[in-house]
Amino acid sequence: MTEAPLLRVRGLSHAYGSRIACSAVDVEVWPGEVLAIVGESGSGKSTLLNCISGRMRPGAGEVLYRAKDGREVDLWQASDAQRRLLARTELGMVHQNPRDGLRLGVSAGGNVGERLMAVGARNYGAIRATAAEWLARVEIDVGRIDDLPRTFSGGMQQRLQIARVLVSRPRLVFLDEPTGGLDVSVQARLLDLLRSLSRDLGLASIIVTHDLAVARLLAHRICVMRGGEVVEDGLTDRVLDDPRHPYTQLLVSSVLPP
Amino acid sequence: MTASLRLVDVSKTFVLHNQDGAVLRVLDRLSLEVEGGECVALVGPSGAGKSTVLRIACGNYAPDWGRVLVAAGGRATDIACAPPRAVLALRRQAIGHVSQFLRVIPRVPAIEVVAEAARLAGSSPDDAHARAGEMLDILRIPRRLWSLSPTTFSGGEQQRVNIARTMVVPFPILLLDEPTASLDAENRAVVVDLIRDACRRGAAVLGIFHDADVRAAVATREVACATLSRAA
Amino acid sequence: MTTATAPAGYNFAYLDEGTKRMIRRAILKAIAIPGYQVPFGSREMPLAYGWGTGGMQVTAAVIGASDRLKVIDQGADDTTNAVSIRRFFARTAGVATTERTAEATIIQTRHRIPERPLREGQVLVYQVPMPEPLRFIEPRESETRKMHALVEYGAMHVRLYEDIAAHGRITTAYGYPVLVNGRYVMSPSPIPKFDNPKMDMMPALQLFGAGREKRIYAVPPYTPVRSLDFDDHPFAIERGDQPCALCGSTDTYLDEVVVDDRGGRVFVCSDSDHCGERQEAGRAAPARA
């Protein structure tokens, strides 16, 4: 394991008009690490995710990503071309709503194959074989490779989206409420899948969620956000079992035990 | 360097901000040492902070003050101020913690739960699987249950899976929180044997054993928790 | 430019000189950046969108009094659209017209490239309904522009992938996307893919006008134009299994024509001029078996 962070966010701030969404946020992610950003709606966690995943330019601050070649790139100082290239190769984004991350009019195989074609794959047979392999990995029947995602259940769509992102072997994946909107039984399956994939691929990821149980199962480390600030951050079970900040204590004690 | 666990001047206070800022002082300048080959039993009344000591020792709770020195594999780390990834690395390879309750992802089969711990400690998938099977056999989990999720198991079965998950890795440091609480006599005996084996191979064991017989069988030394917290 | 032959009240070739200058500037830019879509201020023309208003504006901007104009619609000179556009320019510009590909200096076309190879000095003007090849996968103009700018063309292959996945081969038969000069992906307008190879290194200038979408683009003479494909599913054109019923040609693009009320049908050349030339040649030298 390399002893340098994969992503360093420093002093990231963003405001919508006079409303401050993120205020001087510092975050680090190390190779292979799963970081959960938790907080209620409006805590600024989605704004933070949008800014650090290269989809929304922050008002201030640095988003330093250490690329495969070892160099650190400030995503917002880099050119559009470089940022978008990273976004479709080394980075990945899994949306809460699979409709935002999939092409619903394109077959499952085409959806998975697109990221390969986007980086120059031009052999149909090889693209299809890789797509089939990834469908199997996310537990989708390979016989459905030519079906449209709109014929899939919500859980399958979400797994397809994950295959579509992971097929290009990104190094850092952003997940926005990946289990939101899914039935509890489907959630468990997805969580297990995400966990084993990130372990097997040595993937680093940042998961935005308001579900502390999801954070506990998936994340090594947790950042608690409130009012645009990180109020507490540390080892997941430490933050959840020994919360220090009043807000974290409130959050933890508000969860209904099953 | 053999394995050892040293707590030096550890204090822990809980401030309950949402309950009018109530302050619970649980540990006050606690010092404690466990050497390799020892099994130290924490004793004391309920609420004396026995579980808190174990949780601090594995980084689950952060002390307000003091050092928690974990020596294993030729390196000593102060877990009280180590970065999260260092704590996680220690938990994968050096510190085994048997909690009172099993926490797992639903639908993951028992055998996988146990094998995963071995894999995280560095075993190959096949090897991890084989050792997980051996450990489940030792702990008398019927084979027909191996492919089922432990969430469907009885309390005793869950606890044995929990123990298997820790014992499948030869951790140099073991933290055991009531490992035999919900077990019958036969299974208690199995767990006692496992703990003694661990001591024999040089592990430093710190535990809470409510059952006096078990405590007598495994502990090389007892430390009273209420006394500890006042020790200077 | 002369306006002598234009009917009273109309400028030469209908459009005013200011508009023509604006369009020529767009054309020059398009030629300078092969395959790049240049926005232009498309004018109202005296016929509906979808009937060749883009092509007509391009033609009006480049035509001169000494030009000889040919207009084809699906290869034929005698269909309504072709006849009326030809007559439009005969009236408003007073230019000579022809149905002969060889004689024309400007050929305005809808959905075909003539069979006879074009030569240097000729201009082929395409009528384009939908200039953006990426539109099917990306509805936002701001985004497609960025995709062109950054050469993000992976999505184009998704379309071909889908064809092969569904049918075992690339079935896109017209409007088959091409890569121009190794840089811009371009829609060739809805010509059959049979015509795609003719675009590659063509000695004539190719201009494309989309009136409703307000875009002009171009392929300068002798520019490489490659049809997109996969290594293991290379671009290929399919030929019918029968010859033209009129001229016997086996290497031209054929239309299916219904000849009676009993479902009788024949295949004939889509390029009516080419077919006519071959029939004449055949009559002059009927040695052909």
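Note that the coordinates shown come from a computational prediction; the quantities given were computed from them, not determined experimentally.

Parameters at a glance
- Residues numbered from 1 in each chain as written.
- Chains lettered and ligands numbered in written order.
- Predicted model: local features only at pLDDT ≥ 70, side-chain atom pairs only at ≥ 80, totals over all residues.
- Heavy atoms only, no water.
- Core = buried A, V, L, I, M, F, W, Y, C linked by side-chain atoms within 4.5 Å.
- Buried < 20%, exposed > 50% of the residue type's maximum accessible area, 1.4 Å probe, protein only.
- Helix = DSSP H or I, 4+ residues; strand = E, 2+ residues; numbered from the N terminus.
- Domains from an automatic or database assignment.
- Pairing = 2+ DSSP bridges.
- Axes fitted to C-alpha atoms, helices over the stretch in contact; angles between N-to-C directions.
- Contact = heavy atoms within 4.5 Å.
- Buried area = accessible area lost by both parts, 1.4 Å probe.
- Salt bridge = Lys/Arg side-chain N within 4 Å of Asp/Glu carboxyl O.
- Nonpolar A, V, L, I, M, F, W, Y, C, P; charged D, E, K, R; others polar.
- Polar contact = N/O pair within 3.5 Å; in protein donor to acceptor, adjacent residues only side chain to side chain.

### Topic: the nonpolar core
With 67 residues, the main nonpolar core has Val38(A), Val112(A), Leu160(A), Ile162(A), Leu166(A), Tyr161(C) and Phe230(C) as its most contacted residues. By residue number, the principal contributor to this core is helix 5 (residues 154-167) of chain C, which donates seven residues. Built from parts of two domains, this core gets at least three residues from each of domain 1 (1-90 + 171-258) and domain 2 (103-169) of chain A.

### Here we look at the sheet that holds strand 2 (residues 22-35) of chain B
All names here are of chain B. Judged by pairing direction, the sheet is antiparallel, and its four strands sit side by side in the order 2-1-4-5 without closing on themselves. Here the strands that pair on one side only, and so sit at the sheet edges, are strand 2 and strand 5 (75-78). Going across the sheet, the axis of each strand differs from the next one's by a mean of 20 degrees, ignoring polarity.

### Here's the deal with the interface of chain B and chain A
Across the contact, 26 residues belong to chain B and 25 residues belong to chain A. Surface buried jointly by chain B and chain A totals about 2300 Å² across both partners, of which 51% is contributed by carbon and sulfur atoms. When the buried area of chain B at its contact with chain A is split by residue, Arg85(B), Ile105(B) and Arg107(B) rank highest and sum to 28% of it. Scanning the region where chain B abuts chain A turns up six salt bridges. For the side of chain B that touches chain A, the secondary-structure elements that each account for two or more residues are strand 1 (4-16), helix 2 (84-93) and helix 3 (110-120) of chain B. By residue number, the principal contributor to the side of chain B that touches chain A is helix 2 of chain B, which donates five residues. When the residues that make up the side of chain B that touches chain A are grouped by side-chain class, the tally is 14 nonpolar, four polar and eight charged.

### With respect to the interface of chain C and chain A
The interface is formed by 19 residues belonging to chain C together with 21 residues belonging to chain A. Where chain C packs against chain A, one counts four salt bridges. The salt bridge partner of Arg84(A) is Glu143(C), with a shortest N-O separation of 2.8 Å. Where chain C touches chain A, the interface holds twelve residue pairs in polar contact (both at pLDDT 80 or more).

### A short note on the domain arrangement of chain A
All names here are of chain A. Segmentation of chain A into domains returns domain 1 (1-90 + 171-258) and domain 2 (103-169). Domain 1 and domain 2 are separated by 25 Å when their C-alpha centres are compared. Of all residues in domain 1, Arg88, Arg189 and Leu193 give up the largest surface area on contact with domain 2, accounting jointly for 33% of the area buried on that side. With its nearest N and O atoms 3.0 Å apart, the salt bridge here joins glutamate 139 to arginine 189. At the boundary of domain 1 and domain 2, one finds three residue pairs in polar contact (both at pLDDT 80 or more). For the side of domain 1 that touches domain 2, the secondary structure elements donating two or more residues are helix 2 (80-89) and helix 7 (184-201).

### Comments concerning the domain arrangement of chain B
Accessible area lost upon the coming together of the parts serves often as the stated size of an interface. Residue and element names in this part refer to chain B. Each assigned domain of chain B is listed with its residue range as follows: domain 1 (1-94 + 171-232) and domain 2 (104-168). Averaged C-alpha coordinates put domain 1 and domain 2 at centres separated by 23 Å. Facing 15 residues of domain 1, the contacting portion of domain 2 comprises 13 residues. The largest per-residue losses of area from domain 1 upon contact with domain 2 belong to Arg92, Asn187 and Leu194, which jointly make up 36% of the total buried on that side. Taken together, domain 1 and domain 2 are joined by four residue pairs in polar contact (both at pLDDT 80 or more). Contributions of two or more residues to the side of domain 1 that touches domain 2 are made by helix 2, strand 7 (173-177) and helix 6 (185-200). It is helix 6 that contributes the most residues to the side of domain 1 that touches domain 2, six residues altogether. Here the side of domain 1 that touches domain 2 is built from residues that sort into nine nonpolar, three polar and three charged.

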